[in-house]
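Now for the letters of each chain:
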Amino acid sequence: MAFVLATGGVLALTSRNWEQIRSAGSRLDVWDRLVERAGRKAVVVYSWRVPPSWDAEHHLQIAVAALQDGDQLKVTTELLPIWPFHHEELLADLAAAGLSLAGSTYDATQPNYLVTAQRRAGLPT
């Protein structure tokens, strides 16, 4: 991503707080409200599989149970492999790519955060 930015360009990225997710362990999270997309209401369920090691592949299975005509449900699922990282690792990777940290909203008590980084002069294009 650093190489597609112009000098002085800013990269903005968001991340989950992986430290928080890992500390909660494997679990099933059922959203406490219905979501609506394209006129359909649904409930979303996350099934987290968190192994003991940070370096092992983690999994998140997302299930969306959408209300159809009447009281029928259509359930769609997707299994996502995940390799979590520490917040500090992200900052180190940005620096290694030639980006300077411009800002971060990281807070250990919050589930998500935003990091912005700026491309330094002198990087190859």
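Below or above, wherever it landed, is the structure these notes cover. The shown structure was predicted, so the numbers you read here are calculated from the model rather than taken from an experiment. (Residues numbered from 1 in each chain as written. Predicted model: local features only at pLDDT ≥ 70, side-chain atom pairs only at ≥ 80, totals over all residues. Heavy atoms only, no water.)

## Description of the sheet that holds strand β8 (residues 112-119)
Ordered by their spatial adjacency, three strands build an open sheet running β1-β8-β7, and the pairing between neighbours is antiparallel. Looking at strand neighbours, the two that pair on one side only are β1 (10-16) and β7 (99-104), the edges of this open sheet. Averaged over all adjacent pairs, the angle separating strand axes in this sheet is 30°, with direction ignored. Here β1 runs beside β8; their pairing, made up of seven bridges, is antiparallel. Bridge pairing links arginine 16 to asparagine 112 in β8. (Pairing = 2+ DSSP bridges. Helix = DSSP H or I, 4+ residues; strand = E, 2+ residues; numbered from the N terminus. Axes fitted to C-alpha atoms, helices over the stretch in contact; angles between N-to-C directions.)

## Here's the deal with helix α2 (residues 87-96)
Here α2 has its buried residues at His87, Leu90 and Leu94. The buried side chains of α2 occupy one side of the element, clustering within an arc of 55° when seen end-on. Facing away from the buried side of α2 by over 90 degrees, the exposed positions are Glu88, Asp93 and Ala96. Contact partners of the buried residues in α2: β1, α1 (18-24), β7 and β8. (Buried < 20%, exposed > 50% of the residue type's maximum accessible area, 1.4 Å probe, protein only. Arc of directions from axis to C-beta. Contact = heavy atoms within 4.5 Å.)

## Topic: the pattern of salt bridges
A side chain with one charge can pair with a side chain of the opposite charge if their charged atoms come near. The full count for this structure, using the stated rule, is one salt bridge. The closest approach of N and O atoms between arginine 27 and aspartate 29, which form a salt bridge, is 3.3 Å. Judged by its relative accessible area of 22%, arginine 27 is partly exposed. A residue is classified by how much of its surface remains accessible, and aspartate 29, at 27% relative accessible area, is partly exposed. (Salt bridge = Lys/Arg side-chain N within 4 Å of Asp/Glu carboxyl O.)

## Description of a negative patch on the surface
Together, Asp55, Glu88, Glu89 and Asp93 give the surface a local cluster of negative charge. Positionally, glutamate 89 belongs in helix α2. A residue is classified by how much of its surface remains accessible, and glutamate 89, at 39% relative accessible area, is partly exposed. (Patch = residues over 30% accessible without salt bridge, like charges linked within 9 Å, V, L, I, M, F, W, Y side chains within 5 Å. Areas by Shrake-Rupley, 256 points an atom, 1.4 Å probe, with all protein chains shown as cover. Lys, Arg positive; Asp, Glu negative; His and termini not counted. Charge placed at Lys NZ, Arg CZ, Asp CG, Glu CD.)

## Points about the environment of aspartate 29
By secondary structure assignment, the location of aspartate 29 is in strand β2 (residues 27-30). Distance from aspartate 29 to valine 44, taken between C-alpha atoms, is 8.5 Å for residues 15 residues apart in sequence. Once residues lying within four places of it in the same chain are set aside, the contact partners of aspartate 29 are Val44, Val45, Tyr46 and Trp48.

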